[in-house]
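Tertiary structure, described
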Amino acid sequence: MNSYNPNIGAERPVIRQLDEAAINRIAAGEVVERPASAVKELVENALDAGARRVDVAVAAGGKTLIRVADDGHGIAAADLPLALSRHATSKIDGSDLLNIHSFGFRGEALPSLGAVGRLKITSRAGADAAEILVSGGRMGAVKPAALNQGTVVELRDLFFATPARLKFLRSDRAEMQAISEVVKRLAMAEPFVGFSLRDMSGGGEGRVTFRADAETGDMFDALHGRLARVMGAEFAENALRIDAVREGLHLTGYAALPTYSRGSAVAQYLFVNGRPVRDKLLVGALRGAYADFLSRDRHPAAALFLDCDPHLVDVNVHPAKAEVRFREPGVARGLIVSALRHALAEAGHRASSTVAGAVLGAMRPEPAGPARVYQMDRPSPGVLAASHAAQAPGFAEAAVPSARVEEPLVEPADLPLGAARAQVHENYVIAQTSDGIVIVDQHAAHERLVYEKLKRQMAENGVAAQALLIPEIVEMSEGDCARLLEVAGDLARIGLVIEPFGGGAVAVRETPAILGEVNAQAMLRDILDELDDLGDSQMVKARIEAILSRMACHGSIRSGRRMRGEEMNALLREMEATPHSGQCNHGRPTYVELKLSDIERLFGRT
């Protein structure tokens, strides 16, 4: 049977120096993965050149045409051949590879693109403009050209020199979507720069698929406007401003309320020193900050910008510069978690405006026309009442829809959640505000209030630990043992006490009492997995908080309980004073607010 042999061969091979064309094609395999990679490199070059306007045009998903035009400094005619040489750049001098303030710094993008496609650069850096062509690594002569300002880079027939790469590209639509995502990420990083993306596939002038004019105002106003353009007005309306500093790291940006969550992580944008990154440390920190407010199948939406001295972060650890490495990763993670949780706590009882929008969308007038015929598959109220009466005395009353109107005890003026006016179905409190009504899910709201109270008590009194009669010995590798003992102090603060037991063994002496009987070996393995993946472990704390959440569920006001007016108003006032009361422990809203103007619009009164 013939099998694949990964070795070179039996005979000793000869070492050869590859020619320049082969070197550039190999480099292009790392730098230019797909058309979106080429767009990223060219737009970053435009931004590094001080452009205030960047226009991108593509055809066939970037396979046949990519054109990037900017109004930056331009390239002098004498420097055009040098710009197409490998490792030739104007952005660093090579003396300090950590002190990097630009997007690019390796000098690989242009020669790599010229090696795998037909590249044309037209630029003006003074009185005269010039152009140069490169096709499959063969460079032409510099020629005079006509251009008012900046640089135009045109790349045609990407990967024509390496046809095998074309087979691995996706459909035109998928490649266009990837290009759009790249442009939008860079547009978020530079709100004071105008961007446009045009699809030229249909010929002629094409169609503009994305446009963002340069924003004005201070940094936060400009960023807010740009995020509204890129991520949508709903995100901007439900986003919290983030501004925090710790040990030389500065975190800014916007993060959405937990009730404005998404079904996947598509609305998470992270930047380090203005550079878009997909770093698992930062993504894990973002996820951890919302862990107490969202279920596992929901994901937060945020655009966060982490700025620091270039010497505190290494951006030269990934071919496409998509990942970074911090000198103190724990500080970066801690800053993100604490800043986001502080912002969410300051939001108080606020819930996403999209909740009310969804309610109003479902409340539409019955269309005119012939009466609808409904087929009722559900049992009638009489049958339900008889069934409940047969199962347990007293249930028959609960099966009948009910509502109670309370005498006004307080006026709604200056009360964010208003004054209680009624309770319907023994589960929903109706409150009147100064300009609308609020509908509160009494069980979900009280569950969150009890949960926050339990967490506050645990923070004040600490986590009670139970000593094991016989310490449990867990065997592992010496490397895993050392990593676990590095966080032993943090684990002890939440009731998990471990000690070294020689070699690669760890002795578990105490476990959190609230967890009851635990599998110490499985718990330690899970903690190690989290340390490997995120650099930090919140697993034990998350388990404790999950139990507190279940305790809060059982200790809260149940659905079906009739509440007096004083109790309903007390619930509303406690919600106003308690952080995170706008969503339950699973991220669902605890109340819906409907403005009077929206209600009047439903009835055609406006």
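Right above here is the structure, for reference.
Below you will find a few notes about this structure.

Conventions adopted
Residues numbered from 1 in each chain as written. Predicted model: local features only at pLDDT ≥ 70, side-chain atom pairs only at ≥ 80, totals over all residues. Heavy atoms only, no water. Pairing = 2+ DSSP bridges. Helix = DSSP H or I, 4+ residues; strand = E, 2+ residues; numbered from the N terminus. Axes fitted to C-alpha atoms, helices over the stretch in contact; angles between N-to-C directions. Core = buried A, V, L, I, M, F, W, Y, C linked by side-chain atoms within 4.5 Å. Buried < 20%, exposed > 50% of the residue type's maximum accessible area, 1.4 Å probe, protein only. Salt bridge = Lys/Arg side-chain N within 4 Å of Asp/Glu carboxyl O. Polar contact = N/O pair within 3.5 Å; in protein donor to acceptor, adjacent residues only side chain to side chain. Contact = heavy atoms within 4.5 Å.

**Focus: the sheet that holds strand β21 (residues 465-475)**
One open sheet accounts for 3 strands, arranged β21-β23-β22; its pairing is antiparallel. Each end of this open sheet is capped by a strand with a single partner; those strands are β21 and β22 (497-500). The average angle at which neighbouring strand axes cross in this sheet is 20°, direction not considered. Strand direction decides the pairing type here: β21 and strand β23 (residues 505-512), joined by 7 bridges, are antiparallel.

**With respect to the nonpolar core**
With 61 residues, the main nonpolar core has Val43, Val54, Leu119, Phe195, Met231 and Phe235 as its most contacted residues. Take this core: its biggest share by element is 9 residues, from helix α6 (residues 172-189). Judged by nonpolar contacts, the second largest core, of 37 residues, contains Ala289, Tyr290, Val324 and Ala343.

**What to know about the pattern of salt bridges**
Under the defined criterion, the tally for this structure stands at 26 salt bridges. The salt bridge partner of Arg118 is Asp157, with a shortest N-O separation of 2.9 Å. Residue Arg118 is found in strand β3 (residues 118-124), and its partner Asp157 is found in the loop between β7 (150-156) and α5 (163-166); the two are separated by 39 residues along the sequence. The partly exposed category is assigned to Asp157, whose relative accessible area is 29%. Here the residues in one salt-bridge network are Arg53, Asp55, Arg211 and Asp213, joined through shared partners.

**Brief notes about the pairing of β22**
Strand direction decides the pairing type here: β22 and β23, joined by 4 bridges, are antiparallel. Bridge assignment links Glu499 to a residue of β23, and that residue is Ala507. Between the antiparallel neighbours β22 and β23 lie 4 residues, among them Gly502 with a positive phi of about 90°.

**Some words on the side chain of Asn427**
Along the chain, the position of Asn427 falls in the loop between β18 (419-424) and β19 (428-433). A distance of 3.5 Å separates a polar atom in the side chain of Asn427 from a polar atom in the side chain of Tyr428. Not counting the four nearest positions on each side in its chain, Asn427 is found in contact with Val440, Asp441, Gln442, His443 and Ser559.

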